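# Descriptive structure summary
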Amino acid sequence: MNPITLVSLLSDGNFHSGSELGRALGVSRTAVWKSLSLLSGFGLEVESVKGRGYRLSRPIELLDQDRIMAGIDPDKKDGLSLHLAPEVDSTNTAVSNIERSGERYTVLLAEKQTAGRGRRGRQWVSPFGQNLYISVRFDLQGGPEALAGLSLVAGLAVADALQFLSIPELALKWPNDVLAEGRKLAGILVELQGEATTGWTVVVGVGLNHSMEADQSELIDQPWTSLAEYSDCGRNKCAAALITSLVLKFDEFQLAGFGPFRERWMAFDFFSGKSVQLLDGSLSGQAGGVDAAGNLLIETVAGTKTVNAGEVSVRAG
Ligand code: BTN
């Protein structure tokens, strides 16, 4: 029995008796009981009350292919293939292994990642059913210059998709962390295959904290927040909005690069006007936005410096 089918029966948070679940799944109560015990492997807590049955300690909205497809802008559905998985190591890795069938954008969402990756070798905490883990694969023509600003555009796509949800202090921390009230709401990991001569296969991975439980805090080394703190946008609706926004931006990016996005990106610029420094201590000054290739500009005593990689922090005082 697919444990996801069992989770979907329990996802409403109501009690369901063993025999009711068995009937719905066409299996014995013993088989139900065995499957219920597997759910803890997904990090799901099942309560069992004599005479009432079983329920999830916390209801979840499972990802649903039809609901996500229905929410994607009709103009953006052509050339897009959408895949859902209960559990993968990393959606960025798994999307690369999906066979192509002529689509322009291959999109994979998973309920859980066992080895979610963040930038700079960090892990991305990815519990079952609480957040969104999305990877989009597409091809990009051109040499290294064709990639300039791509990761910023991905961040802008996420911010644009969220901006109608009245999230306070929604901002982009260069290059592409999405923040709400200074705390991390979403992160983006861009990975590439291919060569400068033949073009690129790009994988853009987005992790959006949707309704992450507080007990995950001990695994996360920075201030974070979840969308559910600010909005009741469900996971499927939110996933559809994110996918639409990403595909819209990537279409535009392929035509004209980062230049046309620059002003829109700077409207979300978290560092704007702040005193900043590179974490390796090599540079400090006042943040002055980004250039047409997506590099961070820092005004220093020795003039404007361009930063294209590295961790930047806000300087105290
Ligand atoms: C960051 O460090 O801010 C980037 C986090 C990126 C996480 C997403 S979740 C979907 C995709 N799969 C991964 O393994 N990582 C990205």
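In this report, the structure presented in the accompanying data block is examined. Since this is a predicted model, take the numbers as computed values, not measurements.

## Considerations on the sheet that holds strand E14 (residues 312-314)
- Taken in spatial order, the 5 strands line up as E13-E12-E11-E10-E14 in an open sheet, and their pairing is antiparallel. Of all strands in the sheet, those bounded by a partner on one side alone are strand E13 (303-307) and E14. Averaged over neighbouring strand pairs, the angle between their axes works out to 45° when direction is ignored.
- Taken together, the 3 bridges between strand E10 (residues 275-278) and E14 define a ladder with antiparallel strand orientation. Bridge pairing in E14 places Gln-277 opposite Ser-313.

## Some points on the site of the ligand
- Around the ligand lies a shell of 19 residues, among which Ser-90, Gln-113, Arg-117, Arg-119 and Lys-184 are the nearest.
- Here an oxygen atom of the ligand sits 2.7 Å away from a polar atom, N or O, in the main chain of Arg-117.
- For the ligand, whose unbound accessible area comes to 410 Å², protein coverage reaches 99%.
- Listing elements by their share of the shell around the ligand, those giving two or more residues are helix H6 (91-96), strand E5 (132-140), strand E8 (183-195) and strand E9 (199-208).
- Top contributing element to the shell around the ligand by residue count: E8, with 4 residues.
- In the shell around the ligand, the residues fall into 5 nonpolar, 10 polar and 4 charged.

## As for the pairing of E13
- As defined by bridge partners, strand E12 (residues 296-300) adjoins E13 across 5 bridges and the pair is classed as antiparallel. Bridge pairing links Ile-298 to Lys-305 in E13.
- Counted along the chain from E12 to the antiparallel partner E13, the turn is 2 residues long.

## Section: the nonpolar core
- The biggest cluster of nonpolar side chains holds 68 residues, and the ones touching the most others in it are Leu-109, Leu-162, Ile-243 and Phe-250.
- Here the element with the most residues in this core is helix H7 (residues 150-162); it accounts for 10 residues.
- Not counting the four nearest positions on each side in its chain, Leu-162 is found in contact with Ile-167, Leu-170, Val-178, Leu-185, Leu-208 and Leu-227.
- If you look at the next biggest cluster of nonpolar residues, it comprises 16 residues, including Leu-10, Val-32, Leu-36 and Phe-128.

Parameters and conventions
Think of each chain on its own: its residues are numbered from 1, step by step along the sequence as written. Per-residue local features are limited, in this predicted model, to residues with pLDDT of at least 70; the limit for side-chain atom pairs, both in listing and counting, is 80 or more; totals at the level of whole chains, interfaces and linings are taken over all residues. The side-chain values count all of the structure's non-hydrogen atoms but skip hydrogen atoms and water molecules. Strands are treated as partners if at least two bridges between them are detected by DSSP. In this text, helices come from DSSP runs of H or I with a minimum length of four residues, and strands from runs of E with a minimum of two, each type numbered from the N-terminal end. The convention used is that axes are lines fitted to C-alpha atoms, helices contributing only their stretch in contact, and that angles between N-to-C directions extend from 0 to 180 degrees. It suffices for a single heavy atom of a residue to lie within 4 Å of a molecule or strand for the residue to be listed as near it. Here a polar contact is taken to be a pair of N or O atoms separated by no more than 3.5 Å, where protein atoms must pair a possible hydrogen donor with a possible acceptor and residues adjacent in sequence count only if both atoms sit in side chains. A 1.4 Å probe and the Shrake-Rupley method give the accessible areas. Residues count as covered only by the protein chains that appear here. All residues other than Ala, Val, Leu, Ile, Met, Phe, Trp, Tyr, Cys, Pro, Asp, Glu, Lys and Arg, Gly among them, are scored as polar; the first ten of these are nonpolar and the last four charged. Within this scheme, the nonpolar core is defined by two criteria: the residues are buried Ala, Val, Leu, Ile, Met, Phe, Trp, Tyr or Cys, and they are joined through side-chain atoms within 4.5 Å. Residue burial is assigned from relative accessible area. The probe radius is 1.4 Å, only protein chains are included, and a residue is buried under 20% of its type maximum, exposed over 50%, and partly exposed in between. Any two residues having at least one pair of non-hydrogen atoms within 4.5 Å are treated as being in contact.

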